[in-house]
Amino acid sequence: SINNLEASLAIIDNISKLYMSADVEYKDSFIKDIFMSGSLVDNFVIIDTASMILDGNRMTTTAKINTNSLDWDALVLLNQFNVVDKVNLSGSLRLKSPYLFDNIYGDIYLYDTLIDSNIILTVKGEFEYQHGVLTSEGIYFESPDYNGELNIHTLTDDKNFNISGD
């Protein structure tokens with residue numbers, strides 16, 4: 001459900017400017033203080049800045065959406081984003097999809113990430129999300145004590161996964 005939706009469209013210097021704010025409840029997550037501003041140029045919505053609070057964590061985004069083909073790409077920035085208890089992520093995700101949310105491809109770059117009591121200096125690699133399943137053929141990580149590679153063969157949720165590594 002969408003609550004407190006406010007949206008406006010203005011023409012500034014012959015460019016259509018879009019502004020939107022709202023709160024959204026989706027499945028078991030509550031996204032609040034959503035704010036987006038951007039422009040409509042030809043067949044593209046260009047989101048100059050977007051921010052939101054997801055489960056108590058703020059994230060910021062920039063994006064470009066093709067209104068004809070519905071392909072898009074986005075850059076998501078995380079700063080001490082608490083995914084679950086004892087897991088804090090900082091860094092960026094570059095996401096893209098050829099059509100809405102059918103298939104999402106991405107690059108991950110995290111730094112100074114805390115998982116339980118382990119500090120991970122960097123995490124980088126590519127991943128794919130299709131039909132509710134996350135996969136990756138190589139996510140590399142470096143920490144003070146360990147360096148290695150993770151291969152995510154399938155990851156559906158915290159009970160259904162197949163991950164290997166070196």
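Since this is a predicted model, take the numbers as computed values, not measurements.

### Focus on the overall build of the chain
Check the secondary structure of the chain and you find zero helices and 12 strands. Along the chain, helices and strands appear, N-terminal first, in the series β-β-β-β-β-β-β-β-β-β-β-β. A principal-axis box enclosing the C-alpha atoms of the chain has dimensions of 55 × 30 × 30 Å. Every one of the 166 residues in the chain was classed for burial, and the buried ones make up 33%. Sequence-distant contacts in the chain: of pairs separated by 6 or more residues, those separated by 24 or more amount to 16%. Here the chain displays about 10,900 Å² of accessible surface, and carbon together with sulfur accounts for 55% of that area. Charge separation in the chain, taken as the distance between the mean sites of 10 positive and 25 negative side-chain charges, equals 3 Å.

### Examining the pairing of strand S2 (residues 15–26)
Sheet topology places strand S1 (residues 2–12) next to S2; nine bridges connect them, and they run antiparallel. Paired with Ile2 across the bridge in S2 is Val24. Taken together, S1 and the strand that follows it, S2, pair antiparallel across an intervening segment of two residues, in which Asp13 is found at a positive phi of about 50°. Judged from the 10 bridges that link them, S2 and strand S3 (residues 29–41) form a sheet pairing that is antiparallel. Note on S3: the bridge partner recorded for Ser21 is Phe35. Hairpin connection of S2 to S3: two residues between the antiparallel strands, including Lys27 at a positive phi of 50°.

### Let's talk about a nonpolar patch on the surface
Judged by side-chain polarity, Ile12, Tyr19 and Phe35 come together as a nonpolar surface patch covering roughly 250 Å² of accessible area. Along the chain, Tyr19 turns up in strand S2. Using a relative accessible area of 33% as the deciding quantity, one classes Tyr19 as partly exposed.

### Notes on the confidence of the model for the chain
Regions with low pLDDT should not have their predicted coordinates read in detail. Confidence in the prediction of the chain, expressed as mean pLDDT, is 89, and 100% of residues score 70 or more. By mean pLDDT, strand S12 (residues 160–165) is the weakest element of the chain at 81, and strand S5 (residues 57–66) is the strongest at 94.

### So, the environment of Leu93
With respect to the helices and strands, Leu93 occurs in strand S7 (residues 87–97). The exposure class assigned to Leu93 is buried, which follows from its relative accessible area of 19%. Put simply, Leu93 and Leu78 are 15 residues apart on the chain and 8.2 Å apart in space, counted from C-alpha to C-alpha. Filtering out sequence-adjacent residues up to four positions away, Leu93 remains in contact with Ala74, Leu75, Val76, Leu78, Asp107, Ile108 and Phe127.

### Some thoughts on the nonpolar core
Counting 27 residues, the largest nonpolar core has Leu78, Leu93 and Leu95 as the members making the most contacts within it. For this core, the secondary structure elements donating two or more residues are S3, strand S4 (44–54), S5, strand S6 (72–84), S7, strand S8 (103–115), strand S9 (118–130) and strand S10 (133–142). The element that contributes the greatest number of residues to this core is S6, accounting for five residues. If we ignore the near neighbours within four places in the chain, the residues touching Leu95 are Trp72, Asp73, Ala74, Val76, Ile104, Tyr105, Gly106 and Phe127.

### Some remarks on unusual backbone geometry
In the Ramachandran plot, Asn4 falls in the positive-phi region, its phi being about 55° despite a non-glycine side chain. With respect to the helices, strands and loops of the structure, Asn4 is situated in strand S1. The exposure class of Asn4 is exposed, given its relative accessible area of 56%.

Rules used throughout
Residues numbered from 1 in each chain as written. Predicted model: local features only at pLDDT ≥ 70, side-chain atom pairs only at ≥ 80, totals over all residues. Heavy atoms only, no water. Helix = DSSP H or I, 4+ residues; strand = E, 2+ residues; numbered from the N terminus. Buried < 20%, exposed > 50% of the residue type's maximum accessible area, 1.4 Å probe, protein only. Contact = heavy atoms within 4.5 Å. Areas by Shrake-Rupley, 256 points an atom, 1.4 Å probe, with all protein chains shown as cover. Lys, Arg positive; Asp, Glu negative; His and termini not counted. Charge placed at Lys NZ, Arg CZ, Asp CG, Glu CD. Pairing = 2+ DSSP bridges. Patch = residues over 30% accessible without salt bridge, like charges linked within 9 Å, V, L, I, M, F, W, Y side chains within 5 Å. Salt bridge = Lys/Arg side-chain N within 4 Å of Asp/Glu carboxyl O. pLDDT = per-residue confidence, 0-100. Core = buried A, V, L, I, M, F, W, Y, C linked by side-chain atoms within 4.5 Å.

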